[in-house]
Amino acid sequence: MFDEPLPKQVDLRKLAGREAHFNAKLDVAVMKRIADAVVGKNGFIDVDLHIGVDEYRDRYLKGDVHCEAEVVCQRCLQPVAVVVDTPINLHIVWDEKQAEQLRGDVDPLIVGEDDLVDLNEVVEDELILSFPFVSHHANADCASKHNYELPSDGTSVKDVTEEKENPFSVLAKLKADK
């Protein structure tokens, strides 16, 4: 078990045979794509990874990733804290053909036979997939003047929106006059 940065080049096949375990606490600045998405490049990422062989003799990379950072609220453009917890459940395969043969409850990590893998990139990819698509404050906490909730008095969206005149209705009248 390691309590240091994740290795940049590992042979997953060898590590799986040894049942490797990595535990790391990283600054978001280490992961460039994540750092570009957060405000001020402040935040941290906790990583707990296990690499081994399961009962089906498949090599796996499993674990949990926890990230706390601030991103831009898409409503008011002010920083908003986000917490992302994501499990990782990847099975290590060497080509597309092996990936197609995997059980449906796991995702493939396609690695060439002799390729070395950067665990930071794997964790970064999983985090990017888990970040909220649109980050925003709770309605009560947002500095935006817009209200994004429907009224609680039972009115529908049609009742709330105004009926606007169709801009092409003039053309319809012209066509009807002919």
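Here, every reference points to the structure presented above.
Parameters at a glance
Residues numbered from 1 in each chain as written. Predicted model: local features only at pLDDT ≥ 70, side-chain atom pairs only at ≥ 80, totals over all residues. Heavy atoms only, no water. Helix = DSSP H or I, 4+ residues; strand = E, 2+ residues; numbered from the N terminus. Contact = heavy atoms within 4.5 Å. Areas by Shrake-Rupley, 256 points an atom, 1.4 Å probe, with all protein chains shown as cover. Salt bridge = Lys/Arg side-chain N within 4 Å of Asp/Glu carboxyl O. Patch = residues over 30% accessible without salt bridge, like charges linked within 9 Å, V, L, I, M, F, W, Y side chains within 5 Å.

(A) The overall build of the protein chain, seen in detail. On a plain count of helices and strands, the protein chain comes out with six helices and six strands. In sequence order, the secondary structure elements of the protein chain are arranged as β-α-β-α-β-β-β-α-β-α-α-α. Counted over contacts in the protein chain with a minimum sequence separation of 6, partners at least 24 positions apart contribute 54%. As displayed, the protein chain offers around 12,100 Å² of accessible surface, 50% of which is attributable to carbon and sulfur atoms.

(B) Fine view of the pattern of salt bridges. Under the counting rule described, the total for this entry stands at three salt bridges. One salt bridge connects Lys 32 with Asp 36, and the closest N-O pair in it is separated by 3.0 Å. Placement of both Lys 32 and Asp 36 in helix 2 (residues 32-37) is noted, with a separation of four residues, approximately one turn of the helix. A salt bridge links Arg 33 to Asp 125, with the nearest nitrogen and oxygen atoms 2.6 Å apart. With Arg 33 in helix 2 and Asp 125 in helix 4 (residues 119-130), this pair connects stretches of sequence that are 92 residues apart. One network of salt bridges, in which partners are shared, links Arg 33, Glu 124 and Asp 125.

(C) Here's a closer look at a nonpolar patch on the surface. Side chains of Phe 168, Val 170, Leu 171 and Leu 174 sit close together on the surface and give an oily, nonpolar patch of about 420 Å² of accessible area. By secondary structure assignment, the location of Phe 168 is in the loop between helix 5 (157-160) and helix 6 (169-177).

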